[in-house]
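Here is how the chains run, residue by residue.
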Amino acid sequence: PILWTRFSEIPKIFNIFRPSEPMASPDVNSFYFNMHNLVRSLYQALSSKTVLPPFSATALLIGDNQFMTFDGKFYDFVGNCSYILSKDFNHNRFSVVANYKNAVRDSLVVKMQQGAYSIKINTDGKVLRGNTMIDLPFTLNETFIWKEGDRVTFLDKMGLQIICNLVFNTCSVKISGWYFGKTGGLLGVYD
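Thresholds applied
Residues numbered from 1 in each chain as written. Predicted model: local features only at pLDDT ≥ 70, side-chain atom pairs only at ≥ 80, totals over all residues. Heavy atoms only, no water. Salt bridge = Lys/Arg side-chain N within 4 Å of Asp/Glu carboxyl O. Buried < 20%, exposed > 50% of the residue type's maximum accessible area, 1.4 Å probe, protein only. Helix = DSSP H or I, 4+ residues; strand = E, 2+ residues; numbered from the N terminus. Lys, Arg positive; Asp, Glu negative; His and termini not counted. Polar contact = N/O pair within 3.5 Å; in protein donor to acceptor, adjacent residues only side chain to side chain. Contact = heavy atoms within 4.5 Å. Patch = residues over 30% accessible without salt bridge, like charges linked within 9 Å, V, L, I, M, F, W, Y side chains within 5 Å. Areas by Shrake-Rupley, 256 points an atom, 1.4 Å probe, with all protein chains shown as cover. Pairing = 2+ DSSP bridges.

Caption draft 1: Up close: the pattern of salt bridges. Tallied over the full model, the rule gives two salt bridges. A salt bridge links Asp 106 to Lys 101, with the nearest nitrogen and oxygen atoms 3.9 Å apart. Residue class for Asp 106 comes out partly exposed when judged on its relative accessible area of 27%. Note on Lys 101: relative accessible area 57%, which makes it exposed. Ionic pairing is found between Arg 151 and Glu 148, a salt bridge with its closest N-O pair at 4.0 Å.

Caption draft 2: Main features of unusual backbone geometry. Put simply, Leu 136 and Pro 137 share a cis peptide bond, and its omega is 5°. By the secondary structure assignment, Pro 137 is in the loop between β9 (132-133) and β10 (138-140).

Caption draft 3: Representation of the side chain of Asp 156. By the secondary structure assignment, Asp 156 is in strand β12 (residues 151-156). Despite its burial, Asp 156 pairs with no opposite charge, the nearest such side chain being Arg 93 at 8.2 Å. Within polar-contact distance, the side chain of Asp 156 engages the side chain of Thr 143 at 2.5 Å. Ignoring sequence-local partners within four residues, the contact set of Asp 156 consists of Met 112, Tyr 117, Glu 142 and Thr 143.

Caption draft 4: Structural context of the environment of Ala 57. Tracing the chain through its elements places Ala 57 in strand β1 (residues 57-62). In sequence terms Ala 57 and Phe 180 are 123 residues apart; their C-alpha atoms lie 8.7 Å from each other. If we ignore the near neighbours within four places in the chain, the residues touching Ala 57 are Phe 70, Val 173, Lys 174, Ile 175 and Tyr 190.

Caption draft 5: Molecular detail of a nonpolar patch on the surface. On the surface, a cluster of nonpolar side chains totalling about 390 Å² of accessible area is made up of Phe 31, Met 35, Leu 38 and Leu 42. By the element assignment, Phe 31 lies in helix α1 (residues 28-45). Look at Phe 31 and you get exposed, because its relative accessible area is 55%.

Caption draft 6: Representation of the pairing of β1 in the model. Judged by which residues are buried, β1 turns out to be one-sided: Ala 57, Ala 59 and Leu 61 face inward and are buried, whereas Thr 58, Leu 60 and Ile 62, on the alternate face, are not. As defined by bridge partners, β1 adjoins strand β14 (residues 170-175) across six bridges and the pair is classed as antiparallel. Its bridge partner lying in β14, Thr 58 is registered against Lys 174. In terms of strand pairing, β1 meets strand β2 (residues 66-68) through three bridges, oriented antiparallel. For Leu 61, the partnering residue across the bridge sits in β2 and is Phe 67. As consecutive antiparallel partners, β1 and β2 are separated by three residues, and within that stretch Gly 63 has a phi angle of approximately 65°, a positive value.

These values are about where atoms sit, not about what they do.
This is how it looks when you write it as structure tokens:
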């Protein structure tokens, strides 16, 4: 909408700002609703859930039969078998299994990288790889295990951390936020 009649002349740009016809009054309601829809769609597209994972979650095993799930629910459980506490059902990167004998937790077994290796943490503080007892600190691939006083710590760069306090018979299982909604087991689905 620039008035320009010949190539030999400079176009008259100022005519853009002076309309030749009087403008109709703008519809404020339509403008408000269009801007609101635009801001809401941008907010949904750029929300932190689409860019960053949720925060990491921690579950607890307290004594032999009390649990706090990743979602913060408490319950009691008694068993005489092996039970999956938490497992990555999406990519099968890890699974944490509790072994019970006579309603007492005997050990935790952590299987990493689709069962390539397993680490067993007994309640007496012994740590085994397969059936062989290992000396701590221990490093395997991206897994680090060490003992400080009465605490055994298992840390894997895939986003799994287990800390067992041998005196108080408690274990905390912490998973990365990237596992949001991808785990299952007695410690919950973290959703």
